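Structure assessment
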Amino acid sequence: MVPYLSIVIPIYNEEANIGNLWARLSKVLRENFVGEDREWEVVFTDDGSRDASLDMLIAIARDEPRVTVVEFNRNYGQHSAIFGAFSVVRGKVVVTMDADLQNPPEEIPKLVAKIEEGFDVVGGWRQGRTDNDSLFRTLPSKLVNAVTRKTTGVRLHDYGCMLRAYRREIVDAMLLCKERSSFIPALANSFAKRIAEVPVAHAERAAGDSKYGLWKLVNLQFDLLTSFSLLPLQMLSVLGLLVSLLGIGFGVFLLAYRILHPEGTVQGVFTLFAVLFFFVGAQFLAFGLLGEYIGRIYQEVRDRPRYVVKTLHRQDGDAS
Ligand code: UDP
Ligand code: MG
């Protein structure tokens, strides 16, 4: 059996949600995806849970042949967990979602329908976000959205929503990326031609606590910022150039002042400032230049595929 649809769910200490999740998810799948060419599978990654999650998942997989459990030896984080599942999915369409029922499984058919319209990636766009700790959680995600929009050049409303559908080829392309710090929604968009968003409902976390503390969150934002652009590094050079120019301008102004008003009292301190500005600026410029090199090294080290061939069209042989 080759499934058509693969559902990917990362699990980290979610024992309180798994029962409910599986009940709702399997109902949606059984009702909406029936027939020979619309088989489904669910791949759970147990991301080093320390509660009963793994046992519960294994029990589900024992009863249901369409369920696979990828067991990690320790906790590697949500995005690594999703990658772990990506490496074993077999479906033509891959849907990722969270285990905490913040993403209602009932929305899956909507995403799949959109993919079938011909889109490569379909993102969920959360309507009426209801996070309790609203500002702490929604402000960073607003920031992430803005930065990602700028750096990837793809205008989406909601990069943070993990309820997303991908075409198989996009998942394969993501698997070719070797870097450790990656933010899946943004990475996927860098390989997609046609991207859509569909509004999805959004609920509060059903049970348990968010697995993201402040530090994990900050880390994620930095991953996002640094993995898609060298913009922060380039800003250093720009800043240095500006400060340098300011210093030169100030120096010229002081010189002119001296010449025009020889009797005026321009104190040496101001001249010192002009000189200081120039050198501080020059230093930033130098940092920026170093940054450019480091940035390029970083890009090389990540070893991302430079391009991904979708189909080779030619007269003889089959399209492959
Ligand atoms: N998760 C994971 N590994 C981690 C942290 C989270 O697999 O180290 C999973 C978690 O079980 C959930 C999803 O990632 O299915 C999203 O986590 P959470 O709901 O805590 O994030 P939030 O909704 O607060 O952003
Ligand atoms: Mg959540």
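Look above for the structure.
Residues numbered from 1 in each chain as written. Chains lettered and ligands numbered in written order. Predicted model: local features only at pLDDT ≥ 70, side-chain atom pairs only at ≥ 80, totals over all residues. Heavy atoms only, no water.

**Quick look at the overall build of the protein chain**
Let me state the cut-off plainly: Working definition: helices are DSSP H or I runs of at least four residues, strands are E runs of at least two. Numbering for both runs from the N terminus. Whether a residue is buried, partly exposed or exposed follows from its accessible area with a 1.4 Å probe, protein chains only, as a fraction of its type maximum: under 20%, in between, or over 50%, in that order. Contacts between residues were defined by any pair of non-hydrogen atoms, one from each residue, lying within 4.5 Å. Per-residue and other accessible areas were derived by the Shrake-Rupley procedure at a 1.4 Å probe size, with only the shown protein chains allowed to occlude residues.
Across its full length, the protein chain holds ten helices and seven strands. Relative to its 320 residues, the protein chain shows a buried fraction of 42%. Taking the contacts inside the protein chain whose residues are at least 6 apart along the sequence as the reference set, 80% of them involve residues at least 24 apart. In the structure as shown, the protein chain presents an accessible area of about 17,700 Å², 61% of it carried by carbon and sulfur atoms.

**With respect to the packing of aromatic side chains**
Operational definition: Stacked, edge-to-face and tilted labels apply to pairs of Phe, Tyr and Trp rings (six-membered ring for Trp) whose centres lie within 6.5 Å, assigned for plane angles under 30 degrees, over 60, and everything in between, in that order. Remark: a charge is flagged as sitting over a ring if the NZ atom of Lys or the CZ atom of Arg is within 6 Å of the ring centre and within 35 degrees of the ring normal.
Summed over all chains, the structure comprises nine aromatic pairs. For the ring pair F86 and Y166, a centre distance of 6.1 Å and an interplane angle of 85° mean the geometry is edge-to-face. In this pair, F86 sits in helix α3 (residues 78–86) while Y166 sits in strand β6 (residues 164–167), placing the two residues 80 residues apart along the sequence. Taken individually, F86 and Y166 each receive the classification buried, so the pair is uniform in this respect. Summarising the aromatic geometry, the rings of F284 and F287 are spaced 6.3 Å apart at their centres and angled 85° between planes, so their arrangement reads as edge-to-face. You can see F284 and its partner F287 sitting in helix α10 (residues 268–302), three residues apart, about one turn around the helix. According to the relative accessible area criterion, F284 is partly exposed, its value standing at 28%. The class of F287 is partly exposed, set by a relative accessible area of 46%. Following the ring pairs from residue to residue traces out a cluster consisting of F83, F86 and Y166. Over the ring of F119 we find R194; its NZ or CZ atom is 4.4 Å from the centre of that ring.

**Quick look at a nonpolar patch on the surface**
Put simply, the rule reads: Residues qualify for a patch when their relative accessible area is over 30% and they have no salt bridge, like charges being joined within 9 Å and the nonpolar side chains of Val, Leu, Ile, Met, Phe, Trp and Tyr within 5 Å. The salt bridge criterion pairs a side-chain nitrogen of Lys or Arg with a carboxyl oxygen of Asp or Glu, the two atoms within 4 Å.
A contiguous nonpolar patch, built from L231, M235, V238, L241, L242, L245, I248, V252, V275, F278, F279 and L285 and spanning about 1,100 Å² of accessible area, is present on the exposed surface. No other element matches the eight residues that helix α9 (residues 231–260) contributes to the nonpolar patch. Positionally, L242 belongs in helix α9. Residue class for L242 comes out exposed when judged on its relative accessible area of 51%.

**A word on helix α2 (residues 53–63)**
Since the α-helix turns once every 3.6 residues, residues separated by three or four places project in the same direction. Our working definition: Summarising the geometry, the arc corresponds to the directions from the helix axis toward the C-beta atoms.
Among all positions of α2, only S53, L54, L57 and I60 are buried. Across the axial projection of α2, the buried residues extend over an arc of 125°, all falling on one side. Facing away from the buried side of α2 by over 90 degrees, the exposed positions are D55, R62 and D63. The inward-facing, buried residues of α2 contact β1 (5–11), α1 (15–32), β2 (40–46) and β3 (67–71).

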